[in-house]
Amino acid sequence: MSEPLPVVMENSIQIAWDYLERTADLGDPSVASKVLLESVEKLVRRGERRVLMLSNTAIRDYKKFCADRSLELVT
């Protein structure tokens, strides 16, 4: 039996958050939470329900967001 959608989303975000925290990539918690939630929500709306796929994609999206933001500050 599959978990309810809010639980899937919460678990995915928590996994991503824990990973980013352990690797010291978390940065501003309010920004991180917004980016992670938007990433997970986008995939869920497309039908994705695999927790690790959601969390790994959220991590990738957050790292890309941070890299893009760093480039904006440089230019």
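We now turn to the structure provided with this report.

Conventions we followed
- Residues numbered from 1 in each chain as written.
- Predicted model: local features only at pLDDT ≥ 70, side-chain atom pairs only at ≥ 80, totals over all residues.
- Heavy atoms only, no water.
- Core = buried A, V, L, I, M, F, W, Y, C linked by side-chain atoms within 4.5 Å.
- Buried < 20%, exposed > 50% of the residue type's maximum accessible area, 1.4 Å probe, protein only.
- Helix = DSSP H or I, 4+ residues; strand = E, 2+ residues; numbered from the N terminus.
- Contact = heavy atoms within 4.5 Å.
- Salt bridge = Lys/Arg side-chain N within 4 Å of Asp/Glu carboxyl O.

### Notes on the nonpolar core
Step number 1: By size, the foremost hydrophobic cluster in this structure holds 17 residues, and its most contacted members are Leu20, Leu36, Val40, Leu54 and Tyr62.
Step number 2: Broken down by secondary-structure element, the contributors of at least two residues to this core are helix 1 (5-22), helix 2 (29-45) and helix 3 (51-74).
Step number 3: Once residues within four sequence positions are removed from consideration, valine 40 is found in contact with Met9, Ser12, Ile13, Leu54 and Ala58.

### Comments concerning the pattern of salt bridges
Step number 1: Taken as a whole, this structure holds six salt bridges when the rule is applied.
Step number 2: The residue arginine 60 makes a salt bridge to aspartate 61 at a minimum N-O spacing of 3.1 Å.
Step number 3: For the salt bridge of aspartate 68 with lysine 64, the shortest nitrogen-to-oxygen distance reads 2.8 Å. Placement of both aspartate 68 and lysine 64 in helix 3 is noted, with a separation of four residues, approximately one turn of the helix.

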